[in-house]
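Structure assessment
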Amino acid sequence: MMGRHRWFLIVFGLGALLRAITMVGYRPALWFPDSYTYIVTVFHPRPDLVRPAGYSLFLKLLQPFHSFGAVTAVQHLLGLATGVLVYVAARRATRRVPTWAATPAAAPVLLDAYQIELEHLLVSDALFSFLVVAAVVLAIRRELTWRTALAIGLLLACASLTRTVGQPLIVVLGAWLLLRRRIALAGIMAAAALLPVLAYGGWFHATYDRVGIVGANGVFLYARTMSFADCARMEPPADLAVLCDPRPARDRPPSQEYIWAKDSPLVKLPGITFSRANDELAGRFAMLAIRSQPLDYAGSVLSELTRTFTLGRPVYPDAEIYGYYEFPVNPPGPPGRYPAQVGAEFAQKYEKGAIGTDIVEPFAGWMRAYQDVARLPGAVLLAILLVPPVVAIRRRTYQGAWLLPWSTAWVLLIVPPAVAEFDYRYTLPAVPLACLAAALCSRPVP
């Protein structure tokens, strides 16, 4: 048994070793601007206006350990488990070829240095990626039962309450089950996915008297449209005109600056940025911009999406955010975008001790050197995504098990640039699904 899977076990063992070196070299964790918000929610359970509370619940479950090292350890285990899921699913599709053929599908999530660094950050992406891959792997099984459909729905509910980009995946997996003529199972899956989301929405409404699971959709879409919005063409009414930026589009900062920067027209408005009034105003402005300039919007989304597929890794959206995805040389300071003193107090309460990141050499240096060479270039990701449709065209068959992970990967890649902006960490959850689709492209629909 071990011999049949020796190639995968070698890759898996190397991935485990790299994660162990990371944990020794960067103790106990690396911080991100979102980290404090998640931790504060652990101690003040209430829906956040910007992010759903799923990751905070994950942190709450691990709170008895009082260790951010335990959090990163679990996240690294989730990364390894994601690799196992991809290998198992790919292995089922490649039984007639050498057993090592399924290993490359799992290799990127196991060995990519940026994947490992992301797992070491106190952010939701490792958890989200595992939940989505687990749901997709269950959905492409040959035999589906009501229990399987229930599990898929619950996984999607957890994913949606961890990152809002999980919500459209409920539609994608529901369409997949309908394609397989599993109508009853699609209903079970949808109910299991939507009921927890609706319950969370009820909690959100009771807290803020607003519909939804977050209160920032309008703000983020406004920021997205500011890359092209031309008020001379839009002719906005007076209440929306206050959100205009007189600078030419080419001279404007990245989209995220319109959410967080103090000189943003939106941030200058009375009240907090994500208040109901400001979010609705921003949403109305964004929809007017899209209706007035649909081609500019499409071009802007396409421009952001193409950043995913570059051969290199240019700095974007700015050096600060880019730097959070690199293994640091020096101990990083506290993350921004949240009152540092308040966030630090709750982090110390969670840890029951001092917080920070201790860098231990030579282990940290090994991971920095590894990160310089071990990553999946965006151009290679695009090539992987092109494999299934190319094979389908050559074989003149356009249905297959590859359709689900392939379409899910594209949704994960397209939605962020369409409603917010491109971010390097948003691309990583799509990688294992793209690799799985490439491995499954010869398998017919069960």
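Below or above, wherever it landed, is the structure these notes cover. Per chain, residues are indexed from 1 in the order of the written sequence. Owing to the predicted nature of the model, reporting of local features is limited to residues with pLDDT of at least 70; listing and counting of side-chain atom pairs is limited to 80 or more, with chain, interface and lining totals taken over all residues. Note that water and hydrogens are dropped before the side-chain values are worked out from all heavy atoms of the structure.

1. Things to note about the overall build of the chain
The way it works is that DSSP assigns letters per residue, a run of H or I at least four long becomes a helix, a run of E at least two long becomes a strand, and they are numbered from the N terminus. A tally of regular secondary structure across the chain gives 23 helices and 2 strands. Atoms considered for the radius of gyration are the C-alpha atoms alone. The globule rule reads 2.2 Å times the number of residues to the power 0.38. Taken over C-alpha atoms, the radius of gyration comes to 22 Å for the chain, in line with the 22 Å a tight globule of 446 residues would show. With the C-alpha coordinates aligned to their principal axes, the bounding extent of the chain is approximately 70 × 55 × 40 Å. Buried residues are those whose accessible area, probed at 1.4 Å on protein chains only, stays under 20% of the maximum for their type, while exposed residues exceed 50% and partly exposed ones sit between those limits. Scored against the burial criterion, the 446 residues of the chain give a buried share of 55%.

2. Looking at unusual backbone geometry
In this structure, Pro28 follows Arg27 across a cis peptide bond, with omega equal to -10°. For Pro28, the location among the structural elements is in the loop between strand S1 (26-27) and helix H2 (35-43). In this structure, Lys352 takes a positive phi of about 55° despite not being glycine. Here Lys352 lies in the loop between helix H18 (340-351) and strand S2 (358-359). A relative accessible area of 65% means that Lys352 is categorised as exposed.

3. Considering helix H19 (residues 363-373)
Looking at H19, one finds that the buried residues are Ala364, Gly365, Met367, Arg368, Tyr370 and Gln371. Contacts from the buried residues of H19 go to helix H1 (6-25), S1, helix H5 (103-111), helix H6 (113-120) and S2. Contacts between residues were defined by any pair of non-hydrogen atoms, one from each residue, lying within 4.5 Å.

4. Considering the nonpolar core
Only buried residues count toward a nonpolar core, which is a set of Ala, Val, Leu, Ile, Met, Phe, Trp, Tyr and Cys residues joined through side-chain atoms within 4.5 Å. Counting residues in each nonpolar core, the largest one holds 112 residues, and the members touching the most others are Ile39, Leu59, Phe68, Val71, Leu156, Leu173 and Tyr350. Once you skip the residues sitting within four places of it in the chain, Val71 turns out to touch Tyr55, Phe58, Leu59, Leu62, Leu122 and Tyr350. Listed in part, the 31 residues of the second largest apolar core include Val50, Val219, Ala229 and Cys231.

5. Re the state of the cysteines
The disulfide criterion used throughout: a pair of cysteine sulfur atoms within 2.5 Å. Within this structure, the stated rule accounts for 1 disulfide. Here Cys231 engages in a disulfide with Cys244; their sulfurs sit 1.9 Å apart. Because the sign of the S-S torsion sets the handedness, a value of about -100° for the bond joining Cys231 and Cys244 places this disulfide among the left-handed ones. Taken together, the residues span a long stretch of sequence, with Cys231 in helix H12 (residues 231-234) and Cys244 in the loop between helix H13 (238-241) and helix H14 (257-260) at a distance of 13 residues. Note on accessibility: Cys231 and Cys244 belong to one class, buried.

6. Overview of the pattern of salt bridges
Any Lys or Arg side-chain nitrogen located within 4 Å of an Asp or Glu carboxyl oxygen qualifies as a salt bridge. Counted by the stated rule, this structure contains 15 salt bridges. Of the charged contacts, one joins Arg51 and Asp48 as a salt bridge, the two residues approaching to 3.9 Å between their closest N and O atoms. Taken individually, Arg51 and Asp48 each receive the classification buried, so the pair is uniform in this respect. One salt-bridge network, held together by shared partners, links Asp34, Asp48, Arg51, Asp125, Arg163 and Arg425.

7. A word on the packing of H5 against helix H23 (residues 430-440)
Only C-alpha atoms enter the line fits that serve as axes; for helices the fit covers just the stretch in contact. Angles between N-to-C directions range over 0 to 180 degrees. Direction vectors running N to C along H5 and H23 enclose 170°, while the axes themselves pass 8 Å from each other. Here H23 runs roughly antiparallel to H5, going by the angle between their axes. In contact with Ala105, Pro108 and Val109 of H5, H23 contributes Val431, Pro432, Cys435 and Ala439. Partitioning the contact of H5 with H23 into residue classes produces 7 nonpolar, no polar and no charged. Each angle gets one of four labels, with under 35 degrees taken as roughly parallel, over 145 as roughly antiparallel, 65 to 115 as roughly perpendicular, and the rest as oblique. In this classification, Asp, Glu, Lys and Arg are treated as charged, Ala, Val, Leu, Ile, Met, Phe, Trp, Tyr, Cys and Pro as nonpolar, and every other residue, Gly included, as polar.

8. Thoughts on a nonpolar patch on the surface
Together, Trp146, Leu150 and Leu154 make up a nonpolar patch on the protein surface, roughly 270 Å² of accessible area in all. Within the secondary structure, Trp146 is located in helix H8 (residues 146-160). Taking the relative accessible area as the measure of exposure, Trp146 reaches 45% and is therefore partly exposed. Residues form patches when they are more than 30% accessible in relative terms and have no salt bridge. Like charges link within 9 Å. Nonpolar side chains (Val, Leu, Ile, Met, Phe, Trp, Tyr) link within 5 Å. Using a 1.4 Å probe, accessible areas were evaluated by the Shrake-Rupley method; residue-level cover was limited to the displayed protein chains.

9. Considering the packing of aromatic side chains
Ring geometry is summarised as follows: Phe, Tyr and Trp rings, the Trp one being its six-membered ring, pair when their centres sit within 6.5 Å, and such pairs are stacked at plane angles under 30 degrees, edge-to-face over 60 and tilted between the two. Per the stated rule, a full pass over the model turns up 25 aromatic pairs. Summarising the aromatic geometry, the rings of Tyr55 and Phe58 are spaced 5.6 Å apart at their centres and angled 25° between planes, so their arrangement reads as stacked. With a gap of 3 residues between them, Tyr55 and Phe58 both fall in helix H3 (residues 54-62), about one helical turn apart. Each of the two residues, Tyr55 as well as Phe58, counts as buried. Here Tyr222 and Tyr258 contribute two aromatic rings whose centre-to-centre distance is 6.3 Å and whose plane-to-plane angle is 90°, an arrangement assigned as edge-to-face.

10. A look at the packing of H8 against helix H10 (residues 183-208)
Packed helix pairs are characterised by how far apart their axes lie and by the angle those axes make with each other. Orientation of H8 relative to H10, taken along the N-to-C sense of each, is 30°, at an axis distance of 7 Å. Classified by the interaxial angle, the pair formed by H8 and H10 is roughly parallel. Pair H8 / H10 crosses with right-handed handedness. Seen from H8, the contacting residues are Trp146, Ala149, Leu150, Ile152, Gly153, Leu154, Leu156, Ala157 and Ser160; seen from H10, they are Leu185, Ile188, Met189, Ala192, Ala193, Pro196 and Val197. Across the contact of H8 with H10, the residue classes break down as 14 nonpolar, 2 polar and no charged. The crossing is said to be left-handed when, going from far helix to near helix, the turn is anticlockwise and less than a right angle, and right-handed when the turn is clockwise.

11. Details of helix H7 (residues 125-139)
Expected span, for any helix, means 1.5 Å times one less than how many residues it has. In this model, H7 (15 residues) spans 21 Å end to end at C-alpha, consistent with the 21 Å of a helix rising 1.5 Å per residue. Along H7, 13 of the 15 residues are buried, which leaves the element largely enclosed by surrounding structure.

12. Focus: the environment of Arg375
Along the chain, Arg375 falls in the loop between H19 and helix H20 (378-395). It is 4.8 Å that separates the C-alpha atoms of Arg375 and Asp112, two residues lying 263 residues apart in sequence. When sequence neighbours within four positions are dropped, the list of residues in contact with Arg375 reads Asp112, Tyr114, Leu311, Gly312 and Arg313. Of note is the side chain of Arg375, whose polar atom sits 3.1 Å from the backbone oxygen of Leu311. Contacts described as polar in this section are N or O atom pairs within 3.5 Å, which, within protein, must combine one atom able to donate a hydrogen with one able to accept it, while residues neighboring in sequence count only if both atoms come from side chains.

Remember, this is a structural readout, not a statement about activity or role.
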